[in-house]
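One letter stands for each residue in the lines below.
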Amino acid sequence: MELESERLEREQLESLSMAELVRHAIEEARLLARAEVLHAKKELREEVKAARTSGILLGAGGVLALVSLAALFVAVGLALPVAQWLGVLLVGVFLLLVGGGLAFAGYKRLPKKPLSHTQERLKTDLARTRETLQ
């Protein structure tokens, strides 16, 4: 698919008037800006989806950690008489381990460098622009 404002050859550029060159440059800048906005929107949608999953996992891990803490407190309370405490203690430790695992999985899925592809494209575009202008 050819773009409406395709790259002009050197001879074509030399034959254009100053006004036409400025118009062409502005059109190229508009196209580049639109493309960057579209790429940024797409990347942001992907990162929001990953953050949502991370939030769910972190929330589930937090809830299980609170429940396991409550179970551990019950185990400490039941530990005084002797027999029933072991079962409650094991359940509390298991829930704490599961909650910790979910929290760790959620933390690992958080985006470390937001919009990294967009940042890289902008750096590349800036470098190309500087090369062209020098």
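Everything below is about the structure shown above.
Here the structure is a predicted model, which is why all the values come from computation and not from measurement.

Participant: Pulling in residues and values, what's your account of the side chain of E43?
Facilitator: Among the secondary structure elements, E43 is positioned in helix α2 (residues 18–79). Look at E43: it is buried, it has no salt bridge, and the nearest opposite charge is R121 at 4.3 Å. In this structure E43 touches L115, S116, H117, T118 and R121, once residues within four positions along its chain are discounted.

Participant: A description of the pattern of salt bridges should follow, citing residues and the corresponding values.
Facilitator: Taken as a whole and judged by the stated rule, the model has two salt bridges. Measuring nitrogen to oxygen at the nearest pair gives 3.9 Å for the salt bridge that ties E27 to R30. Here E27 pairs with R30, and both are found in helix α2, just three residues apart, close to one helical turn. E27 gets classed as partly exposed once you look at its relative accessible area, which sits at 25%. When its relative accessible area of 47% is taken as the criterion, R30 is described as partly exposed.

Analysis parameters
- Residues numbered from 1 in each chain as written.
- Predicted model: local features only at pLDDT ≥ 70, side-chain atom pairs only at ≥ 80, totals over all residues.
- Heavy atoms only, no water.
- Helix = DSSP H or I, 4+ residues; strand = E, 2+ residues; numbered from the N terminus.
- Buried < 20%, exposed > 50% of the residue type's maximum accessible area, 1.4 Å probe, protein only.
- Lys, Arg positive; Asp, Glu negative; His and termini not counted.
- Salt bridge = Lys/Arg side-chain N within 4 Å of Asp/Glu carboxyl O.
- Contact = heavy atoms within 4.5 Å.

Note that all results are geometric; they support no functional claim without further evidence.
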